[in-house]
Amino acid sequence: MSLIMDPDMNKTSVNATLITPSGEPNVILDIILYVLLIIVMFSLGCTADDRNLRLNFKRPCGLIIGLCCQFGIMPLSTFLLAFLSKFKPSHAVAIIIVGCCPGGMASNMASYWVDGDMDLSLCMTVTSVLLSVIMMPLNLYIYSIPWTHIGSITIPYKNLGFMLLLVLIPVCVGIFTRRLIAKKAEIIVKVGFIVGTLAMILFFGAAVIDGQMWNISASVICAGFLSPCIGYSLGFLFARLSRQSWTRCRTICLETGIQNTYMCAIFIELSFSGLIQQEMMSYILIYIFASYGVAFLVIKGYIIYSKCFKKHRSQLPVVNVEEVQSYNAHDPLREQSRPGMEE
């Protein structure tokens with residue numbers, strides 16, 4: 001793999017092409033990753049319903065709050081986490097890249113299991129992916145300055161722009177396809193989710209086998225678990241302070257904490273190489289385990305709470321409204337208290 005070292009400055013930079021150990025660009029792997037990205041993003045676009053989009057755009061309060069959490073709170077919190085923890089440049093930039101990514105389909109599934117606002121969840125996911133064409137490079141540029149301005153690491157923005165273009169076009173085509181063939185679009189969504197899940201399993205299965213990726217410090221592991229917890233907590237808190245309903249608070253919480261790690265992993269795989277790529281991917285792997293694990297606990301806790309709450313409500317005495325009204329009509333004390341009845 002191609003890796004450039006500056007012995008005088010002890011700094012590392014990487015090229016923008018994935019290089020195999022033989023020295024040749026791995027074009028086949030690049031094409032496979034791009035094709036998988038297009039399939040997943042096309043299926044994501046097929047989840048968008050015109051009615052839901054128009055409804056959320058007409059009443060954009062929840063959508064605006066969610067996007068502020070997605071592109072405001074999450075990038076800032078990950079920057080503070082990376083900066084205050086004094087991580088090496090590769091780990092710090094990986095943390096920030098994850099924080100700058102848009103939402104993914106996993107957050108939609110999590111919102112479904114906690115009885116969230118599915119219209120808002122789908123609208124937030126699609127809108128955040130579309131806005132990521134502008135917001136992701138902007139946030140990444142702003143928050144990576146402490147490491148890029150000294151030359152510690154170079155972020156290939158051309159690769160990022162090309163990848164975001166490959167994200168934008170399939171999503172738009174998917175939205176248009178949904179309008180034409182709504183029934184078949186549901187099948188496309190299921191196929192895309194299966195393809196994305198299998199790709200993630202294979203992609204990170206190979207990462208787990210690679211033992212070098214696990215040579216990381218305990219502080220980086222803690223950051224991988226702390227980052228999604230911060231996203232969940234701040235997303236829920238900010239939504240609640242904005243007086244959103246509990247349903248929308250749960251939705252914004254999950255949309256903020258669960259990032260599009262598939263998109264993030266492909267960007268790192270296609271843009272970095274060597275030791276830097278391994279260190280970045282190790283953090284992404286930890287973040288995936290952490291974010292999905294915490295989301296599972298949130299879903300499980302909500303299911304237990306819902307069952308207990310429903311059980312408690314079922315044990316309450318049932319009040320017959322007709323009997324209460326009949327009793328009040330014949331209550332002598334009630335009749336004496338009426339105006340005009342005292343004399």
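These numbers come from a predicted model, not from an experiment.

Scanning the chain from N- to C-terminus turns up 15 helices and 2 strands. Per-residue burial over the chain gives 47% buried out of 343 residues. Looking at the chain alone, contacts between residues at least 24 apart form 80% of all its contacts between residues at least 6 apart. If you sum the accessible surface of the chain, you get close to 17900 Å²; carbon and sulfur atoms cover 68% of it.

Turning next to the state of the cysteines. Applying the stated criterion across every chain yields a total of 0 disulfides. The thiol of Cys-69 is not disulfide-bonded; the next cysteine sulfur, from Cys-68, is found 7.0 Å away.

This part takes up the pattern of salt bridges. Applying the stated rule across the entire model yields 2 salt bridges. Ionic pairing is found between Lys-88 and Glu-279, a salt bridge with its closest N-O pair at 3.0 Å. Taken together, the residues span a long stretch of sequence, with Lys-88 in the loop between helix 3 (61-85) and helix 4 (89-100) and Glu-279 in helix 13 (residues 274-314) at a distance of 191 residues. The exposure class assigned to Lys-88 is partly exposed, which follows from its relative accessible area of 40%. Between Asp-117 and Arg-248 there is a salt bridge whose closest N-O contact spans 3.1 Å. With Asp-117 in the loop between helix 5 (105-113) and helix 6 (118-143) and Arg-248 in helix 11 (residues 246-257), this pair connects stretches of sequence that are 131 residues apart.

Right, let's get into a positive patch on the surface. A cluster of basic residues, Arg-51, Arg-54, Lys-58 and Arg-59, forms a positive patch at the surface. Inspection of the secondary structure puts Arg-51 in helix 2 (residues 50-58). Judged by relative accessible area, Arg-51 falls into the partly exposed class, the value being 49%.

Moving on, we come to the nonpolar core. Residues Ile-97, Ile-268 and Tyr-283 are the most contacted members of the largest nonpolar core, which totals 68 residues. Filtering out sequence-adjacent residues up to four positions away, Ile-268 remains in contact with Ile-97, Gln-277, Met-280, Met-281 and Ile-284. Counting 10 residues, the second largest nonpolar core, distinct from the first, contains Val-114, Tyr-232, Cys-253 and Ile-258.

This brings us to the packing of aromatic side chains. In the structure shown here, the tally under the stated rule is 9 aromatic pairs. When the centroid spacing of 5.7 Å and the interplanar angle of 20 degrees are considered together, the rings of Phe-79 and Phe-83 count as stacked. In this pair, Phe-79 and Phe-83 are both assigned in helix 3, 4 residues apart and thus about one turn of the helix distant. An angle of 40 degrees between the planes, with centres 5.4 Å apart, marks the rings of Phe-79 and Tyr-143 as tilted. With Phe-79 in helix 3 and Tyr-143 in helix 6, this residue pair connects regions lying 64 residues apart in the sequence. With respect to class, Phe-79 is no different from Tyr-143; both count as buried. The structure contains a cluster of three or more aromatic residues connected by ring pairs, namely Phe-79, Phe-83, Tyr-143 and Trp-147. Positioned above the aromatic ring of Phe-83, the side-chain terminus of Lys-86 is 5.0 Å from the ring centre. Just above the ring of Trp-246 sits the side chain of Arg-240; from NZ or CZ to the centre is 3.8 Å.

Reading the values: the criteria
- Residues numbered from 1 in each chain as written.
- Predicted model: local features only at pLDDT ≥ 70, side-chain atom pairs only at ≥ 80, totals over all residues.
- Heavy atoms only, no water.
- Helix = DSSP H or I, 4+ residues; strand = E, 2+ residues; numbered from the N terminus.
- Buried < 20%, exposed > 50% of the residue type's maximum accessible area, 1.4 Å probe, protein only.
- Contact = heavy atoms within 4.5 Å.
- Areas by Shrake-Rupley, 256 points an atom, 1.4 Å probe, with all protein chains shown as cover.
- Disulfide = S-S within 2.5 Å.
- Salt bridge = Lys/Arg side-chain N within 4 Å of Asp/Glu carboxyl O.
- Patch = residues over 30% accessible without salt bridge, like charges linked within 9 Å, V, L, I, M, F, W, Y side chains within 5 Å.
- Lys, Arg positive; Asp, Glu negative; His and termini not counted.
- Charge placed at Lys NZ, Arg CZ, Asp CG, Glu CD.
- Core = buried A, V, L, I, M, F, W, Y, C linked by side-chain atoms within 4.5 Å.
- Phe/Tyr/Trp six-rings, centres within 6.5 Å; stacked < 30°, edge-to-face > 60°.
- Lys NZ or Arg CZ within 6 Å of the ring centre and 35° of its normal.

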